[in-house]
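Each chain is listed here by its residues.
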Amino acid sequence: MSSETPPPFARPSGAPRRTLLAPAPGESLRRARGYFFEGLCVASAVVVLTPLFLIFLYVVSKGVSGLSLDFFTQLPKPVGDARSGMGNAVVGTLILIAIGSGIGLPTGILAGIYLAEMGRGKLGSAIRFIADVLGGVPSITIGVFVYALVVVTMKRFSALAGGVALAIVMLPTVTRTTEELLKLVPAHLREASLALGVPEWRTSLFVVLRTASPGIGTGVMLAVARIAGETAPVLLTALGSQYWSVAIDRPIASLPVQIWRNATSPYPQWQQEAWTGALVLIAIVFFLNLLARIATSHSVRGR
């Protein structure tokens, strides 16, 4: 009767069990450190988001009761008139954002492309320095500058002057964001495009810029969100209006200015309209961000 032969490499009976992958010395400490810093990052995110969430909830609780069709279709009325609204301010805000973006976005994006692709000399350093300094200049100073440059020259307040002021406010953010994101595009994409005989300007616009478009879109919306809530430069350039106006060479109403005026009034009705205006302004910024996300996502999918 033949005895069974044990399989090769079998562990003899009674021998101690050995683990092939033993934890390295200090592995537990490294894991503990990893969990600690991961929890610290989560706690920091919660600390940052909590005030934002609380502010949003507070504005919603204060402003939602004033939302109505009259708010978007009626002009500001005297105290006691229940059909008062800020329709002209909503339209004026959209016009000012459109003018500011129409001037500031192309200029800022093209300046960022120049800095990322060719700005290695003294001119590039000077542009970077000016953009950094301009980013720290108070917006009211920009409003005074545009007042002296445009309002005094035209001899009137206007939506055009307000748009120019907002364009200057958003220029540093758009320029520096575009430059930094274009620098993150892999060099082999540029080299492949140039190797195929594509001109350098087409490579920059249709290869490099398109690759970085999602990140640039985020920077653009940060700049738009900032100018949407600016009050001081708009007050010094576009002034405001109590009437419907879409002419760019005339004073125009805006939500930030109207909110400021109503919030500083002693009348509860106007204070309620200020809270509702703040809520509408947040909604405008949110929907502009949403449209930008949709546009950039379609651009990426189309590549």
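Preceding this section is the structure that the text describes.
Positions within a chain are numbered from 1, following the residues in the order the chain's sequence is written. Selection of residues for local features in this predicted model requires a pLDDT of at least 70, selection of side-chain atom pairs for listing and counting requires 80 or more, and totals for whole chains, interfaces and linings are taken over all residues. Derived side-chain values reflect all non-hydrogen atoms in the structure, with water molecules and hydrogen atoms excluded from consideration.

## A few points about the overall build of the protein chain
Step number 1: Helix and strand definitions here come from DSSP, where helices need a minimum of 4 consecutive H or I residues and strands a minimum of 2 consecutive E residues; each element is numbered from the N-terminal end. In terms of regular secondary structure, the protein chain is built from twelve helices and zero strands.
Step number 2: Along the protein chain, helices and strands appear, N-terminal first, in the series α-α-α-α-α-α-α-α-α-α-α-α.
Step number 3: Note on method: radius of gyration uses C-alpha positions; expected globular size equals 2.2 Å times residues raised to 0.38. Here the C-alpha atoms of the protein chain give a radius of gyration of 29 Å, more than 25% beyond the 19 Å that 2.2 N^0.38 yields for 303 residues.
Step number 4: In terms of overall dimensions, the protein chain has C-alpha extents of about 115 × 55 × 35 Å along its principal axes.
Step number 5: Taken across its 303 residues, the protein chain has 34% of its residues classed as buried.
Step number 6: Residue pairs at least 24 apart in sequence account for 73% of intrachain contacts in the protein chain once pairs closer than 6 positions are excluded.
Step number 7: Computed over 25 positive and 14 negative side-chain charges, the inter-centroid distance for the protein chain is 2 Å. Categorising residues by exposure relies on relative accessible area from a 1.4 Å probe, with only protein chains included: less than 20% of the type maximum marks a residue as buried, more than 50% marks it as exposed, and the intermediate range marks it as partly exposed. When checking whether two residues touch, look at their non-hydrogen atoms; a contact exists if any pair is within 4.5 Å. Charge assignment in this entry is limited to Lys and Arg as positive and Asp and Glu as negative, and neither His nor the chain termini are counted. Here the site of a charge means atom NZ of a Lys, CZ of an Arg, CG of an Asp or CD of a Glu.

## Some thoughts on empty space enclosed by the protein
Step number 1: Site definitions follow a grid-based scheme: protein atoms alone, a 1 Å grid, a 1.4 Å probe that fits but cannot get out for cavities, and for pockets an open set with protein on both sides within 12 Å along at least five of seven lines, plus lining residues having an atom within 4 Å of a point. Grid points are joined across faces, edges and corners, and a volume is the space filled by probe spheres set on the points. Tallying each qualifying case throughout the model produces one cavity of 30 Å³ or more.
Step number 2: Taken as a whole, the largest cavity encloses approximately 50 Å³ of empty space.
Step number 3: Every residue lining the largest cavity is listed: Thr93, Leu96, Ile97, Leu166, Ile227, Ala228, Glu230, Val234, Ser254 and Pro256.
Step number 4: Of all elements in the fold, only α3 (87-117) and α9 (213-228) reach the threshold of two or more residues within the lining of the largest cavity.
Step number 5: Ranked by residue count, the leading element in the lining of the largest cavity is α3, at three residues.
Step number 6: Residue type decides the class: Asp, Glu, Lys and Arg count as charged, Ala, Val, Leu, Ile, Met, Phe, Trp, Tyr, Cys and Pro as nonpolar, and the leftover types, Gly among them, as polar. Split into classes, the residues belonging to the lining of the largest cavity amount to seven nonpolar, two polar and one charged.

## Digging into unusual backbone geometry
Step number 1: Even without a glycine there, the phi angle at Lys155 is positive, about 65°.
Step number 2: With respect to the helices, strands and loops of the structure, Lys155 is situated in the loop between α5 (139-154) and α6 (159-183).
Step number 3: Lys155 sits in the exposed class, given a relative accessible area of 74%.
Step number 4: The backbone of Leu239 sits at a positive phi, close to 65°, despite the residue not being glycine.
Step number 5: Mapped onto the fold, Leu239 is located in the loop between α10 (232-237) and α11 (255-263).
Step number 6: What makes Leu239 partly exposed here is its relative accessible area of 32%.

## Brief notes about the pattern of salt bridges
Step number 1: Definition used for salt bridges: Asp or Glu carboxyl oxygen within 4 Å of a side-chain nitrogen of Lys or Arg. Within the structure shown, the criterion is met by nine salt bridges.
Step number 2: Between Asp132 and Arg176 there is a salt bridge, with the nearest N and O atoms lying 3.1 Å from each other. Here Asp132, found in helix α4 (residues 122-135), pairs with Arg176, found in helix α6; they are 44 residues apart in sequence, far enough to count as distant.
Step number 3: Since its relative accessible area comes to 44%, Asp132 is described here as partly exposed.

## Some remarks on the packing of α3 against α11
Step number 1: Only C-alpha atoms enter the line fits that serve as axes; for helices the fit covers just the stretch in contact. Angles between N-to-C directions range over 0 to 180 degrees. The N-to-C vectors of α3 and α11 enclose an angle of 140°; their axes lie 8 Å apart at closest approach. Between α3 and α11, the crossing angle belongs to the class labelled oblique. Between α3 and α11, the residues in contact are Ala89, Val90 and Thr93 and Leu255, Pro256 and Gln258, respectively.
Step number 2: Among the residues forming the contact of α3 with α11, the class breakdown is four nonpolar, two polar and no charged. For this classification, under 35 degrees means roughly parallel, over 145 means roughly antiparallel, 65 to 115 means roughly perpendicular, and everything else is oblique.

## What to know about the packing of α4 against α6
Step number 1: At their nearest, the axes of α4 and α6 sit 8 Å apart, and the two run at 130° to each other. If you check the angle between α4 and α6, you find them oblique. Crossing handedness for the pair α4 and α6: left-handed. Taken together, the residues of α6 that come into contact with α4 (itself represented by Arg128, Ala131, Asp132, Leu134 and Gly135) are Ile168, Pro172, Arg176, Glu179 and Lys183. Crossing handedness is read from the near helix: turned anticlockwise from the far helix by less than a right angle, it gives a left-handed crossing, and turned clockwise, a right-handed one.

## Notes on the nonpolar core
Step number 1: Core analysis: the largest hydrophobic core is formed by 51 residues, its most contacted members being Leu96, Val146, Met170, Leu182 and Leu255.
Step number 2: Only α3, α5, α6, α8 (200-211), α9, α11 and α12 (268-301) provide two or more residues apiece to this core.
Step number 3: Leu255 has contacts with Met86, Ala89, Val90, Thr93, Gly277, Val280, Leu281 and Ile284, leaving out every residue within four places of it along the chain. The nonpolar core is taken to be a set of buried Ala, Val, Leu, Ile, Met, Phe, Trp, Tyr and Cys residues, with the residues joined through side-chain atoms within 4.5 Å.

## Section: the layout of surface pockets
Step number 1: In this structure, the largest pocket occupies an estimated 290 Å³ of space.
Step number 2: Counting only elements with at least two residues in the lining of the largest pocket, the list comes to α1 (27-63) and α12.
Step number 3: Here the lining of the largest pocket takes four residues from α12, the largest share from any one element.
Step number 4: Among the residues making up the lining of the largest pocket, the classes are represented as seven nonpolar, one polar and no charged.
Step number 5: Computed from the structure, the second largest pocket encloses a volume of approximately 250 Å³.
Step number 6: Lining the second largest pocket are 15 residues, with Ser213, Gly217, Val220, Ala292 and Thr296 sitting closest to its centre.
Step number 7: Of all elements in the fold, only α8, α9 and α12 reach the threshold of two or more residues within the lining of the second largest pocket.
Step number 8: Sort the elements by how many residues they give to the lining of the second largest pocket and α12 lands first, with six residues.
Step number 9: Here the lining of the second largest pocket is built from residues that sort into ten nonpolar, four polar and one charged.

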